[in-house]
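Tertiary structure, described
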Amino acid sequence: MNGPLEQLSGELALRPLIISILDWAAVGLLLYLAFQLIRQTRTVWLIRGFLILSGAFFLSNLLGLTTLNFILDKILIGVAVAVPVIFQPELRRFLEQLGRGEIFTLLKPDRVPDFEKEALDELLDAVQDLSEERIGALIVIEQSPIDDRLLQDPGDTMDAVLSKSLLLTIFYPKTRLHDGAVLVRDWRIQSASVILPMSTQIPARQLGTRHRAAMGITEQTDALCIVVSEETGSISLAERGKLQRPLTVEQLAEALNRRYRRDEPPSVFTIPALSDWTRKLFPASSSQSGNSD
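Starting from 1, residues in each chain are numbered consecutively following that chain's sequence as written. Owing to the predicted nature of the model, reporting of local features is limited to residues with pLDDT of at least 70; listing and counting of side-chain atom pairs is limited to 80 or more, with chain, interface and lining totals taken over all residues. Calculated side-chain values reflect all of the structure's heavy atoms, with hydrogen atoms and water omitted.

Stated precisely, the cut-off is as follows: UniProt positions are given in the numbering used here, feature names are shortened, and annotations may be inferred rather than shown by experiment.
Under the annotation held in an unreviewed UniProt entry, the protein chain carries the name Diadenylate cyclase and is attributed to Gloeobacter morelensis MG652769. Check the Catalytic activity (unreviewed entry) section of the UniProt entry for the protein chain; it says "2 ATP = 3',3'-c-di-AMP + 2 diphosphate". Taken verbatim from the UniProt record of the protein chain, the Subunit (unreviewed entry) comment is "Probably a homodimer."

In structure tokens form, the structure reads like this:
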């Protein structure tokens, strides 16, 4: 007779544990969704700053630094009050996606933004034209932010949309900006006429200062650097201080596509009926006016 009673007591003891696991799993899911909402915006830096302040607060409390702990406590209270204002766009977007039944789209793998694909196509088209017309060019594609102190001259700031026309205009020999390199940051032309550090390596005799500059910047950073020779129109790609040359436009495109255009794996979080259910439950109000086209 004790068998069923023991089994029942075991189930009751196990239930709080299961509920706790579900509770923490739900909290983790909400935090992940919130991170997915803000990770493509500048507010991600605010989150990092808040986490740093929180870590300093707990560390100062642990070490007994009362004055610092008091100041950080007041700062964190002010930040907590400002959170609804700072994250108002993200909260609104979250509620809109929740109402449309599209919240689980945040669980899908990240897609390469369309503007990145367009910028890469524009870049490759520009390199092809520069090569065919034998116009010298030096294009640095930034990965991690490059410290201006590594550059001999940071050049002229542009912060412009990356386009084939603009690149051809910059490197046209009679323009003031054609000397030096173009710095591409976040798929925008950050600056032009940038003077790069020279490599201490001695490349082949037929290679000039552009190739040495490309090797120099990639020795000191994780950037990629595309070089178009003014004499021959040949294309080179520098990475980690090494040159790949000569390359065709197709070979350059293949190298860049391997890095920037990854195939998207199929998503396992497809819930096609969820948005339909929300629309049926809460249909959008339609205009009753009799206006005709």
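Remarks on the sheet that holds strand S3 (residues 181-185)
As a reminder, the rule being used: Two strands are said to pair when DSSP picks up at least two bridges between them. Elements are defined by DSSP. Helices are runs of H or I of four residues or more, strands are runs of E of two residues or more, and each kind is numbered from the N terminus. Every axis in this analysis is a line fitted to C-alpha atoms, fitted for helices over the stretch in contact. Angles between the N-to-C directions lie between 0 and 180 degrees.
Ordered by their spatial adjacency, seven strands build an open sheet running S2-S4-S3-S1-S5-S6-S7, and the pairing between neighbours is mixed. The open sheet is flanked by strand S2 (156-161) and strand S7 (242-247), the only strands paired with a single partner. Taken pair by pair, the neighbouring strands of this sheet meet at an average axis angle of 20 degrees, ignoring direction. Relative to strand S6 (residues 235-239), strand S5 (residues 224-228) runs antiparallel, the two being bridged by five bridges.

Looking at the side chain of His211
To be explicit about the condition: Two residues form a contact once any of their heavy atoms are found within 4.5 Å.
With respect to the element layout, His211 can be found in helix H7 (residues 209-220). Contact partners of His211, with chain neighbours within four places excluded, come to Val227, Ser229, Ser236 and Leu243.

Topic: a nonpolar patch on the surface
How we decide: Like-charged residues within 9 Å of one another, or nonpolar side chains (Val, Leu, Ile, Met, Phe, Trp, Tyr) within 5 Å, are grouped into patches, provided each residue has over 30% relative accessible area and no salt bridge. Using the Shrake-Rupley algorithm and a 1.4 Å probe, accessible areas are obtained, with residue cover drawn only from the displayed protein chains. Here a salt bridge means any side-chain nitrogen of Lys or Arg lying within 4 Å of a carboxyl oxygen belonging to Asp or Glu. Three exposure classes are used, based on accessible area relative to the maximum for each residue type with a 1.4 Å probe and protein chains only: buried under 20%, partly exposed in between, and exposed over 50%.
A contiguous nonpolar surface patch, about 510 Å² in accessible area, is contributed by Leu59, Leu62, Leu63, Leu65 and Leu68. Among the elements that line the nonpolar patch, the one with the most residues is helix H2 (residues 43-63), at three residues. Secondary-structure assignment places Leu65 in the loop between H2 and helix H3 (66-86). Leu65 gets classed as partly exposed once you look at its relative accessible area, which sits at 40%.

Things to note about the nonpolar core
Heads up, the rule is: By nonpolar core is meant a set of buried Ala, Val, Leu, Ile, Met, Phe, Trp, Tyr and Cys residues that side-chain atoms within 4.5 Å join together.
Leu123, Leu167, Trp187, Ile226, Leu252 and Leu256 are the most contacted members of the largest nonpolar core, which has 32 residues in total. Of all the secondary structure elements, the ones that give two or more residues to this core are helix H5 (114-132), strand S1 (137-141), helix H6 (164-171), S3, strand S4 (188-194), S5, S6 and helix H8 (249-260). Here the element with the most residues in this core is H5; it accounts for seven residues. Ile146, Ala214, Cys225 and Val227 belong to the second largest nonpolar core, which has 15 residues in total.

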